[in-house]
Amino acid sequence: MNVKKTLPAVALLFAAGAGMAQEYVDFVDPLMGTASTFEFSHGNTYPATARPWGVNFWSPQTGANGSGWMYTYADSVICGFRQTHQPSPWINDYGTFSVMPVSGELKIPACERGVPFRHENEKASPESYEVILENGVKTALTATRTGMIMEVAYPSAAGQYFVIDAMRGGCRIEIDQINRRVTGYVKNNHGGVPDNFANYFIMEFSHPVAEKGVMVNDSVMPGKMVGEHDRVCAYLRFLVPPGDRLTVRAASSFISPQQAELNFNREVAGRTFAETRLEARAEWNGLLGRIEVGGGTPEQQKTFYSCLYRTLLFPRELYEFDADSVPVYYSPYDGGIHEGYMYTDNGFWDTFRAVHPLFTLLYPEVTGRVVSSLLNAYDESGFMPEWASPGHRNCMIGNNSLSLITDAYAKGIRNFDTEKALKAMINQVEAQGPVTSSGRNGSKEYFEKGYLPYPDYPEATAKTLEYAYADWCLSQFASATGNADIADEYGITAYNYRNLFDARYGFMRARNRDGEWIEPFLPEEWGGPFTEGSSWHYTWSVMHDVEGLARLMGGHRAMEEKLDSMFAAPPAYNYGTYGFVIHEIAEMVALGMGQYAHGNQPVQHAIYLYDYIGAPWKAQYHSREVLERLYSAAPDGYCGDEDNGQTSAWYVFSAMGFYPACPGRTEYAIGSPLFDSVRLNLPGGKTFLITATGNGAGRPYIESARLNGKSFSRNYILHEEITAGGELKMKMSDKPNTDRGTEISAFPSSMTPLSEK
Ligand code: CA
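Residues numbered from 1 in each chain as written. Predicted model: local features only at pLDDT ≥ 70, side-chain atom pairs only at ≥ 80, totals over all residues. Heavy atoms only, no water.

(A) Representation of the pairing of strand β15 (residues 229–238) in the model. Of all 10 residues making up β15, 7 are buried, and the element is well covered by its neighbours. In this sheet, β15 lies alongside strand β10 (residues 160–176) in antiparallel orientation, the contact comprising 8 bridges. Bridging from a neighbouring strand, Arg168 pairs with Arg231 of β15. Pairing analysis gives 6 bridges linking strand β13 (residues 211–216) to β15, with the strands arranged antiparallel. When the sheet's bridge partners are listed, Val216 is paired in β15 with Val232. (Buried < 20%, exposed > 50% of the residue type's maximum accessible area, 1.4 Å probe, protein only. Helix = DSSP H or I, 4+ residues; strand = E, 2+ residues; numbered from the N terminus. Pairing = 2+ DSSP bridges.)

(B) The side chain of Ser373, seen in detail. With respect to the helices and strands, the residue Ser373 is situated in helix α7 (residues 364–381). A distance of 3.0 Å separates the side chain of Ser373 from the backbone nitrogen of Tyr343, its partner in a polar contact. (Polar contact = N/O pair within 3.5 Å; in protein donor to acceptor, adjacent residues only side chain to side chain.)

(C) Quick peek at the packing of aromatic side chains. What the rule picks out here adds up to 48 aromatic pairs. A centroid spacing of 5.4 Å and a plane angle of 40 degrees characterise the contact between Tyr24 and Tyr305, whose relative ring orientation is tilted. On the criterion of sequence distance, the pair formed by Tyr24 in the segment before β1 (57–61) and Tyr305 in helix α4 (residues 298–311) is long-range, its members being 281 residues apart. Overall, Tyr24 belongs to the buried group, its relative accessible area being 15%. Arranged with centres 5.0 Å apart and planes meeting at 75 degrees, the rings of Tyr505 and Phe521 form a pair that is edge-to-face. You can see Tyr505 sitting in the loop between β25 (501–502) and β26 (507–508) and its partner Phe521 sitting in the loop between β26 and α13 (535–538), a full 16 residues away along the chain. Relative accessible area serves as the criterion here: at 37%, Tyr505 is assigned to the partly exposed category. A relative accessible area of 12% means that Phe521 is categorised as buried. A network of ring pairs unites the aromatic residues Tyr608, Tyr631, Tyr638, Trp650, Tyr651, Phe653, Phe658, Tyr659 and Tyr668 as a single cluster. The ring of Tyr446 has Arg440 sitting right over it, with the charged end atom 4.8 Å from the ring centre. (Phe/Tyr/Trp six-rings, centres within 6.5 Å; stacked < 30°, edge-to-face > 60°. Lys NZ or Arg CZ within 6 Å of the ring centre and 35° of its normal.)

(D) Layout of the packing of helix α8 (residues 401–410) against helix α11 (residues 460–480). Between α8 and α11, the shortest axis-to-axis distance is 9 Å and the interhelical angle comes to 35 degrees. Note on packing geometry: the crossing formed by α8 with α11 is left-handed. Contact residues: α8 offers Leu402, Ser403, Ile405, Thr406 and Tyr409, while α11 offers Tyr469, Ala470, Cys473, Leu474, Gln476, Phe477 and Ala480. Among the residues forming the contact of α8 with α11, the class breakdown is 9 nonpolar, 3 polar and no charged. (Axes fitted to C-alpha atoms, helices over the stretch in contact; angles between N-to-C directions. Left-handed = near helix turned anticlockwise from the far one by under 90°. Contact = heavy atoms within 4.5 Å. Nonpolar A, V, L, I, M, F, W, Y, C, P; charged D, E, K, R; others polar.)

(E) Quick peek at the nonpolar core. One finds Phe162, Met203, Phe304 and Leu680 to be the most contacted residues of the largest nonpolar core, which totals 218 residues. Counting residues per element, this core draws most heavily on α11, at 12 residues. Each residue touching Phe304, except ones within four places of it in the same chain, is listed here: Ile291, Val293, Tyr651, Val652, Ala655, Met656 and Phe675. Within the second largest apolar cluster, 11 residues are counted, among which are Ile149, Ala198, Ile202 and Ala260. (Core = buried A, V, L, I, M, F, W, Y, C linked by side-chain atoms within 4.5 Å.)

(F) Seen up close, the side chain of Glu317. With respect to the element layout, Glu317 can be found in strand β18 (residues 316–317). A distance of 3.0 Å separates a polar atom in the side chain of Glu317 from a polar atom in the side chain of Arg145.

(G) Geometry of a nonpolar patch on the surface. Together, Tyr573, Tyr575, Val581 and Val589 make up a nonpolar patch on the protein surface, roughly 310 Å² of accessible area in all. Summarising the element assignment, Tyr575 is placed in the loop between α15 (556–568) and α16 (583–591). (Patch = residues over 30% accessible without salt bridge, like charges linked within 9 Å, V, L, I, M, F, W, Y side chains within 5 Å. Areas by Shrake-Rupley, 256 points an atom, 1.4 Å probe, with all protein chains shown as cover. Salt bridge = Lys/Arg side-chain N within 4 Å of Asp/Glu carboxyl O.)

(H) Region of interest: the packing of α7 against α8. In the contact formed by α7 and α8, the axes pass within 10 Å of each other and the chain directions differ by 135 degrees. Taken as axis vectors, α7 and α8 run oblique relative to one another. Judged by the twist between their axes, the crossing of α7 over α8 is left-handed. Residues Thr367, Val370, Val371, Leu374 and Leu375 of α7 form the contact with α8, whose own contacting residues are Ser401, Leu404, Ile405 and Ala408. Along the lines of polarity and charge, the residues of the contact of α7 with α8 split into 7 nonpolar, 2 polar and no charged. (Parallel < 35°, antiparallel > 145°, perpendicular 65-115°, else oblique.)

(I) Representation of the sheet that holds strand β30 (residues 687–693) within the structure. Strand order in the open sheet formed by 6 strands is β17-β29-β30-β34-β31-β32, with mixed pairing between adjacent strands. With one partner strand each, in any of the chains shown, β17 (291–294) and β32 (710–711) form the two edges of the open sheet. As paired strands, β17 and strand β29 (residues 677–681) are joined by 4 bridges and run antiparallel to one another. Bridged to Glu292 within β29 is Arg679.

(J) Here's a closer look at α4. Along its 14 residues, α4 runs 20 Å from first to last C-alpha, staying within 8% of the 20 Å computed at 1.5 Å per residue. Among the 14 residues of α4, 11 are classified as buried, and the element is accordingly described as predominantly covered. For α4, the full list of buried residues reads Gln300, Gln301, Thr303, Phe304, Tyr305, Ser306, Cys307, Leu308, Tyr309, Arg310 and Thr311. (Expected span 1.5 Å × (residues − 1).)

Written out as structure tokens, the structure is:
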């Protein structure tokens, strides 16, 4: 790995970790994306200290309890260190609580106990979060799968308090002074889960508890233990000798207090902060190191690994391990305890595009478990989730759970019940689930009419386009598993996108129930029949049949002009049914790339469509422009919501030089590799090396390429070509090679057979 030394500016606050060789994890900046607000998102992330896909994450909290903006870079006061499950501020948190060392006078409520901090005294990394607060309190925290170990150094002997805040929404806290323990549970959730939902926690302290008390709702009661209340905080006081530190060990469980005990004993009991942090570091390095980049700038390397870290946080593992190390989980669907795997905190509308395909390529062990988790949800609720947090959440659209299964199967991950999967997929598209976003909203009308009518169904055009893609996924999966009749049936409805294309405008539009176009039509109008976008963004949502879309548009050159015009058009907008400028609109305007809105997901594959129509140098140009201009390892480093790894996974793939433009197919569309070299350390021991000679700023174009020594002129590479191991050598240039990749044999495939036009 050819990386330059770029150690973080802040020295380590505690000795553990100092002197270690620099590794991948040192390139990660968890603060990337934290400079966000309701009005404008630069990522809407928080600095998660966690294990990859961990059951619980930990984050400093600068926002008020209940605010989705848990940590905002512009804030200057930390009021807690929070165990969080929040996938995004728009979805908010559940089962959350926070802890906070308080020095001097006892202050309990979050709005009062906060202490100013400065970013120069903060060090965030995947393995730990350390900060020296302005009152002199030093904290360092490292996470395990379900727990954490925290060290606190108080600046003086006066008032060494530690507050535990269970927040609102039903909780119980008990203090066991003799055993130096606090146990309890928190429930705060946002619906969609059974009544018996709870997050049971255990916290143990290294020093004797000198004084204890609780605050129930707003009244403080020294010494008392309490039953369940809406809101409880507990406080403890310690007498830590000068030079010594308070160590806090915690673990929790969604299953039971007994399971929390098991997790505690397994992960943190008797273990030190230093060794636990090294374990976390090793775990992150192992996963980040499956991709080794060389060359590029140190800044680009930091951005790459910061994005890869974000891609490896969600979906969250909701399963724990019982006494026999068997995976078991609390089902957010039926409230039962089951053996097996369960994942949550993922909106597939975002993550089917690149996050799950990245797992399928480099972390296939995760993909297999995710698919079995979908089938478990189907068993327990009758449907697969489309947006889980922790159960079915009513958010976004589509049947993109099907994409996960089809992509996994197509790429050789088959360690799940394929018969049940087919049943679950058919049910998902034929029936409406417990919330509008699970199952298929308007299934009957969609199949009858070949589209969803507007305004009968909100977001009807976006839904139709996504349903057609899901039907294609179902058709592919049915075909691959030997169910030709089913494959044929959904292979027809996969063409339903055609019914909403208006050739007079060259855009996807909405139709009413009588088949008439909804007037007036403005391609720049957001919302209404579309979802967080306009027709400019959704017209490209035919990833399974780009050739078919090109024919509707009048051929390859006409589609190329249409794509060109998206980047050339002014970023005009009409906020339509939203009634105000939603943050995604503001972000598009700020990008300066016309109507191309990389800050939101529906258009994120569109650049790669140039590969399907014989203009691959334009995919190279625009993907490089996005890589260079729209990402940086800085608090404002994303150009819109990061969204559970998706916007990061776009960067990870695109920086490697290829992208899964149509998950479910084994082809990756080729873009412009950012680095001189990328080595994929594939599961099973094979490696795939991508090199780009003559690369650099202003040199995004592929002049020529060789795959395993043979001339390579395709605009796509196959999954099996990568997993077999080998080498793709590219020669980069500052000028487009307009002869390369123009033959139809070079194009990625589509449902519609390729033609010369
Ligand atoms: Ca988004």
